[in-house]
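Each chain, written out:
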Amino acid sequence: MARRTRPSVGSDASGEASDVSGPPSTLPAAPAPRRFRRPRRVIGAFALAAVAALAPAQLPASAQSPDAAPARGRTGPCEGPVRPASQMAVAPCDSPARIIDKAAHIVPTKGQLAWQEREVTAFTHFGMNTFTGREWGSGAEDEKLFAPSRIDVGQWMRAYKAAGAEQVMLTAKHHDGFVLYPSRYSPHTVEASPGSPDVVGAYVKAARAAGLKVGIYLSPSDGAELPHAWHARWVEEIRKKQQEGKPLSLPEQVALADGDRAPRGLGRFGNGSRATARTIPTLVPGDDRAAAVRSGGLPVFHVRADDYDAYYLNQVYELFTQYGPIDELWLDGANPWTDSGITQPYDAAQWFRMIHQLSPDTVVFAGPQGARWVGNEKGIARETEWSVTPSAQDPWTVMAGGLPNDSTDPDIGSRAKLIAPTTKYLQWYPAEADVSLRPGWFHHPGERPKTPAQLMDLYEKSVGRNASLLLNVPPAKDGRIAPEDVASLTAFGAAVRATYGHSACAAARPCTFDRIAVAEDTGHGQRVERFAVQARRDGVWRQVAEGTTNRPRARGPAGRRIR
């Protein structure tokens, strides 16, 4: 893993009744009437729905949501009504007011809406690095090093559910290129490990048995596929660099530690091969899918791809057709070898087209109609976290949604960003906040997990700020999650349920509370730019909290502490 709003603590507020108030939406679209619902499962919580005065949004059927067509009788491309869509182009003739109107009509896809309602995803970093003690592997490790005495996926799922996770995600292949299922396209897989365990298969089966949604992390970068001749020269350069007393980067350190061992793959990553006509799936000798492909029982894709893109597409195809449905596919943007001179151009548009055809509702991290990186690996979202974001490029042609500076800018979706001259598209692109329970992404015996209080704070600073929390919980070498990790996760989950599992103000009577959870009905778009909360204390209505963007309305959104 390489890539991977401030509630203030104060005294309790109490009063005879409570209300959520704020200025009506000032977007050029019809003002959104506010509907206040009886709070459910949240202390001092009030569902805040900004529902536009229009028919319920119909999600577009096509992969790329088109801009609204001009109304009949109109001639200009910027004169017709704006219809809801998950993505829209910004035309040169669009005025700032019309761009904001479009932003108010950007809505999530079916898959995105369901994904955002799953507040916590448990991330599982487990693989070769678990047994070598590394965070980034070299790709030259012997497959026999991966030798867990057992893989207790049932225990993993129980721990994840205790923490309140509703989705789990496994690193099927990290940057070292070791594959946790018996792929037909790589020699560097669990098939060559003791017992040949299909970790992906066991994980997916256990997750579904536990009622959890399934995500898969498949690293585009692949150290096992580094070109062999280049790798040999590189190792010699590293040795010379070490002899000269120069500092070594982490990838250089692990490459040097593995000595003269060549990468375990076929040299396809960054080898400069030309794109040629390929068929996905590329059948191998004795392929058990041949009959299904011939009969049309399995889909076939004709692409133009270089050696590595063809390899990656074939692995994506294996995962979706053998282990699907996959609810989220995580595309990590890191390349540990960039600074050493190896880059691999990805045909992202081709990846996205195939993924969408295989599974239209899958949320692709760093992909179109997917989810974006929150911008740090601390699990903390911005206090103003927009799901509607601008893009300088067509999101279907580029990873990371066309956002500048890899999603790290403090302001991503403000009005100023939306109407900037660089904005060519608008899209629904919610944030995912990743963080590890331990200091490392993989399990290391000397490390300790975060406390339940620390996890609760991260929950409120991610889920409570309109991001989904991606919490990594790495199993140990023995194939189980450590007891101290389970204890922390269980206490954290219990604290969330105790705090947000019910409302302190369920009846029309005076009540005491110290948190407010505010949510917006984002099925119609994200329109609330700011809000305020008032409580009646001693017969006087007083403002006790304020904020900007809201969490989508869900079963129990995290909230803000009251000053």
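Preceding block: the structure.
Remember, predicted model here, so these are calculated numbers, not experimental data.

About the cut-offs
Residues numbered from 1 in each chain as written. Predicted model: local features only at pLDDT ≥ 70, side-chain atom pairs only at ≥ 80, totals over all residues. Heavy atoms only, no water. Buried < 20%, exposed > 50% of the residue type's maximum accessible area, 1.4 Å probe, protein only. Helix = DSSP H or I, 4+ residues; strand = E, 2+ residues; numbered from the N terminus. Pairing = 2+ DSSP bridges. Phe/Tyr/Trp six-rings, centres within 6.5 Å; stacked < 30°, edge-to-face > 60°. Core = buried A, V, L, I, M, F, W, Y, C linked by side-chain atoms within 4.5 Å. Contact = heavy atoms within 4.5 Å.

Some words on the pairing of strand β17 (residues 467-472)
Of all six residues that make up β17, six are buried, and the element is covered over most of its length. Residues of β17 alternate between two faces, with A467, L469 and L471 on one and S468, L470 and N472 on the opposite face, all of them buried. Where strand β6 (residues 120-124) and β17 come together, four bridges link them in parallel fashion. Among the inter-strand pairings, V120 is bridged to a residue of β17, identified as L469. Examined bridge by bridge, strand β16 (residues 431-436) and β17 share six bridges and lie parallel to one another. Pairing of V435 across the sheet is with L471, part of β17.

Some points on unusual backbone geometry
Across the junction of I280 and P281, the peptide omega takes the value 5°, indicating a cis bond. The topology assignment puts P281 in the loop between β9 (276-280) and α8 (290-295). Residue G324 is joined to P325 through a cis peptide bond whose omega torsion reads 5°. Assignment of secondary structure puts P325 in the loop between α9 (307-323) and β11 (328-330). If you check the backbone angles, S196 has positive phi at about 45° while not being a glycine. The phi dihedral of A366 is positive, around 75°, even though this residue is not glycine.

A closer look at the packing of aromatic side chains
Following the criterion strictly, the structure yields 22 aromatic pairs and no others. Note on F301 and Y317: the rings are 6.4 Å apart at their centroids and 80° apart in plane angle, and the pair reads as edge-to-face. Taken together, the residues span a long stretch of sequence, with F301 in strand β10 (residues 301-305) and Y317 in helix α9 at a distance of 16 residues. A relative accessible area of 10% places F301 in the buried class. Between Y346 and W351 the ring centres are 4.9 Å apart and the planes differ by 40°, which places this aromatic pair in the tilted class. The class for Y346 is partly exposed, based on a relative accessible area of 25%. Taken together through their ring pairs, the aromatic side chains of F269, Y308, Y311, Y312, W337, Y346 and W351 make up a single cluster.

Side note on the nonpolar core
In terms of nonpolar packing, the biggest core is built from 95 residues, with F146, M157, Y160 and V200 touching the most fellow members. A total of 10 residues in this core trace back to one element, the largest contributor, which is α9. Apart from residues lying up to four places away in sequence, F146 is in contact with F126, G127, M128, F131, F178, L180, V190, S193, P194, P197 and V199. Ranked by size, the runner-up nonpolar core spans 12 residues in total, among them M88, V90, I100 and L426.

Everything listed is a geometric property; what it means functionally is a separate question.
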